[in-house]
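Per-entry structural report
Given next are the chains, with one letter for each unit.
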Amino acid sequence: MATTDVVPHGAGGELGRPRIVNDMSIQVATVNGSGSQSSNTVLLRAIFQMGVPVSGKNMFPSNIAGLPTWYTIRANKKGYIGRKKEIDFLVAMNPETAHDDVKSLAPGASVLYDEPLALHKLRDDLVFYSVPYDKIVATVCPEAKLRKLVKNMVYVGVVAQLLTIDMGEVEKAIRKQFAKKVKAANLNLAAAQAGFEYAKANLEKRGAFYIERMNETAGKIIIDGNSAAALGCMFAGCTVVTWYPITPSSSLVETLIEYMKEYRIGPDGKATFAIVQAEDELAAVGMVIGAGWAGARSMTATAGPGISLMSEFSGLAYYVEVPGVIWDIQRVGPSTGLPTRTSQGDILSTAFLSHGDTKHIMLIPSSVSECFSMATDAFNLAEQFQTLVFVMSDLDLGMNNWMSDPFEYPTTPIKRGKVLSKEDLDRLGGFARYKDVDGDGIGYRTLPGTPHPAAAYFARGSGHNEKAQYSERADDFERNMERLNRKFETARSFVPRPEITKGKNAKIGLIGYGTSHWGITESLDQLREEYGMEVDYLRLRAYPFTREVHEFVEQHERVYMVEQNRDAQMLSLLKLDVKPELITRLRSIAHITGLPLDARSITDELTSMEGK
């Protein structure tokens, strides 16, 4: 399918104007609490059902209804699903932001607006479409109190007409959105149809943007990262979940509750799991540690403020060596920060969470499929290394809609690590809980209830020797701390390895992680096509760093770490890890707006730093 061609005058476009197909960013500007989420999801899904790769990003306020909210849909035939910096088609429904929204657009963009706003007076280099939403919705919705919500579905129909989105797909998306509410589905469909018919009869197509059928989404799904994580935790064998609600992690546990109620009820009708809402995050992680000590696969989900509160107990789990999984859906800080904006700002603090010398394993998903698969990785690693494992997601990944291949059903058995059974103890006669028998830093453990007199040991957060006996001897403490460090070094060989994409004899390398990946992959194409620059790329998937990360730095003259925080936190960890003589090769590209990282920002920053 051609990207652009000329729109003939008789086809409804401006004479000679380029025709842009399946490559656009649609932004809907509304107010929080207006019910626009359903309408935007319908619009997203209708495009997806037409076979066009798509992603959706919601930027909403953290406090009360009535404040501005923006939802951005990226449709791109090449499969780029990161945020696009430019907005091509604006649906302006919020009077408070409409003027600024219009002024921010590049020339040639299209604007669909509520008739009373009269936005066409602001600029003469945009394509404007005016629609009397109140008049239209009144014809399909007799109940005045419902019109505020149904009004949003009118713009779905108008957009469908202007962008040539199949109304059959819109109907299918509406039926899915309101699957259990037939009356609501019918009402919303009528509103969308009314908008479509109004646009068809009254609006002349003058914009450049079109949606046409492709076949790039066949067999794919749309899901948010928190839902994918919830599925992954259930499949990983998690049985104890303790949590305290906090944006943007709450939906992970809320979704997991629904999954567990459906799939984890025993033949006797009783739950085979425990999900407890604690009084705060400190209590939540304490319960995780208690359950992990007792032998359950336990977890919690939180955000940056919760991570801070979990510091003391994290040190206890590290030193006593108890497994557990903590999902950190990162948001902007410090303090309360911007609770509904995305960030990668907890990296450095989480790596060393607690006081004293601690190093924690972190897994870093970049996609919803990795939110699913890394759940199993996290629980297996937590039990293998008898420690907390942090899964470092973020708001963009956790709360937004992403396109994905269906998840693969886990086939590998659950790995419980070095757990001694009664039979093992009969054979051994006893064990030293904190002794390094195998040279990997990992001791053997027993679970409460093991029917053997030698199974008992003290799990103490104070000084202890190899036999878990109380000790303040300097040599005991030093030996224990060195062993814990050796265990962390062993983890380098077991955490998920990075993914590396190499160009042709590239002297420059990019390192990224998490949701930065989607902006980086698009930026690599921009650098190659617009500047002739070949750049190698390594995507981190875990900390501690594996040998591939060190080799990547050694192989390039300059290496740029792309991350979504101010202080280059992952770069700081890397500088602590590589040979001192390699530190001068490392540079930072930082993004701190709270918006999902876009490709153009990376490209502009890198070329500027390279003097292009």
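Fair warning: this is a prediction, and the values are worked out from it, not measured in the lab. Throughout, a residue's number is its position along its own chain's written sequence, starting from 1. Local features are withheld for residues below a pLDDT of 70 in this predicted model, meaning they are given only at 70 or higher, and side-chain atom pairs are given and counted only at 80 or more; totals for whole chains, interfaces and linings count all residues. The side-chain quantities take in all heavy atoms of the structure and omit both hydrogens and water.

Another aspect to go through is the domain arrangement of the chain. What marks off one domain from the next here is an automatic or database domain assignment. Examined at the domain level, the chain breaks down into domain 1 (20–210), domain 2 (223–404), domain 3 (422–491) and domain 4 (499–609). A separation of 40 Å is found between the C-alpha centroids of domain 3 and domain 4.

The next thing to look at is the packing of helix 1 (residues 36–49) against helix 4 (residues 144–163). The axes used here are C-alpha line fits, helices contributing only the stretch in contact, and every angle between their N-to-C directions lies in the interval 0 to 180 degrees. To qualify as a helix, a DSSP run of H or I must reach at least 4 residues; to qualify as a strand, a run of E must reach at least 2; elements of each kind are numbered from the N terminus. At a minimum axis distance of 8 Å, the contact between helix 1 and helix 4 shows a crossing angle of 20 degrees. Taken together, helix 1 and helix 4 sit at an angle that is classed as roughly parallel. Where helix 1 crosses over helix 4, the two elements pack in a sense that is right-handed. Of the residues in helix 4, those in contact with Ser36, Ser39, Asn40, Val42 and Leu43 of helix 1 are Asn152, Met153, Tyr155, Val156 and Val159. Under the scheme applied, nonpolar residues are Ala, Val, Leu, Ile, Met, Phe, Trp, Tyr, Cys and Pro; charged residues are Asp, Glu, Lys and Arg; polar residues are all the others, including Gly. Class assignment of the residues belonging to the contact of helix 1 with helix 4 gives a composition of 6 nonpolar, 4 polar and no charged. With respect to orientation, any angle under 35 degrees is reported as roughly parallel, any angle over 145 as roughly antiparallel, any angle of 65 to 115 as roughly perpendicular, and every other angle as oblique. Crossing handedness is defined as follows: a turn of the near helix away from the far one that is anticlockwise and smaller than a right angle gives a left-handed crossing, while the clockwise case is right-handed. Residue contacts follow a heavy-atom distance rule, with two residues in contact if any of their heavy atoms lie within 4.5 Å.

The predictor attaches a confidence to each residue, and that confidence, scored 0 to 100, is pLDDT. Here the chain averages 94 in pLDDT, while 97% of its residues score no lower than 70. Here residues 1–16 scores under 50 on pLDDT; set against residues more than four positions off or in separate chains, the count is 33 contacts.

With that out of the way, let us pick up helix 20 (residues 599–609). Residues of helix 20 that are buried: Ala599, Ser601, Ile602, Thr603, Leu606 and Thr607. Next to the buried residues of helix 20 lie helix 17 (516–531), strand 21 (535–540), strand 23 (558–563) and strand 24 (586–590). Positive phi appears at Gly611, one or two residues downstream of helix 20, with a value of about 75 degrees. Burial here depends on accessible area, computed with a 1.4 Å probe over protein chains only, as a share of the maximum for the residue type. Under 20% is buried, over 50% is exposed, and the range in between is partly exposed.

The subject of this paragraph is unusual backbone geometry. Following Gly333, the chain continues into Pro334 via a peptide bond in cis, with omega recorded as 10 degrees. Note that Pro334 resides in the loop between strand 14 (324–332) and strand 15 (338–342). At the junction of Tyr543 and Pro544, the peptide bond is cis and its omega measures out at 15 degrees in the coordinates. Inspection of the secondary structure assignment puts Pro544 in the loop between strand 22 (542–543) and helix 18 (547–554). One non-glycine residue, Ala468, lies in positive phi territory at about 70 degrees. Here Ala468 shows up in the loop between helix 15 (422–428) and helix 16 (474–491). On the basis of relative accessibility, which here comes to 1%, the residue Ala468 falls in the buried class.

Side-chain rings of Phe, Tyr and Trp (the six-membered ring for Trp) are treated as a pair once their centres are within 6.5 Å; stacked means planes under 30 degrees apart, edge-to-face means over 60, and tilted covers the remaining angles. By the definition in use, this model includes 10 aromatic pairs. Each ring, one from Tyr113 and one from Phe128, has its centre 6.1 Å from the other, and the planes form 80 degrees; the classification is edge-to-face. Here Phe128 lies in strand 8 (residues 127–131) and Tyr113 lies in strand 7 (residues 110–114), a separation of 15 residues in the sequence. Side by side, Tyr113 and Phe128 carry an identical accessibility label, which is buried. When the centroid spacing of 5.3 Å and the interplanar angle of 90 degrees are considered together, the rings of Phe235 and Tyr409 count as edge-to-face. A residue pair is termed long-range when its members are at least 10 positions apart, and Phe235 in helix 7 (residues 225–235) and Tyr409 in the loop between strand 18 (401–404) and helix 15 qualify at 174 residues.

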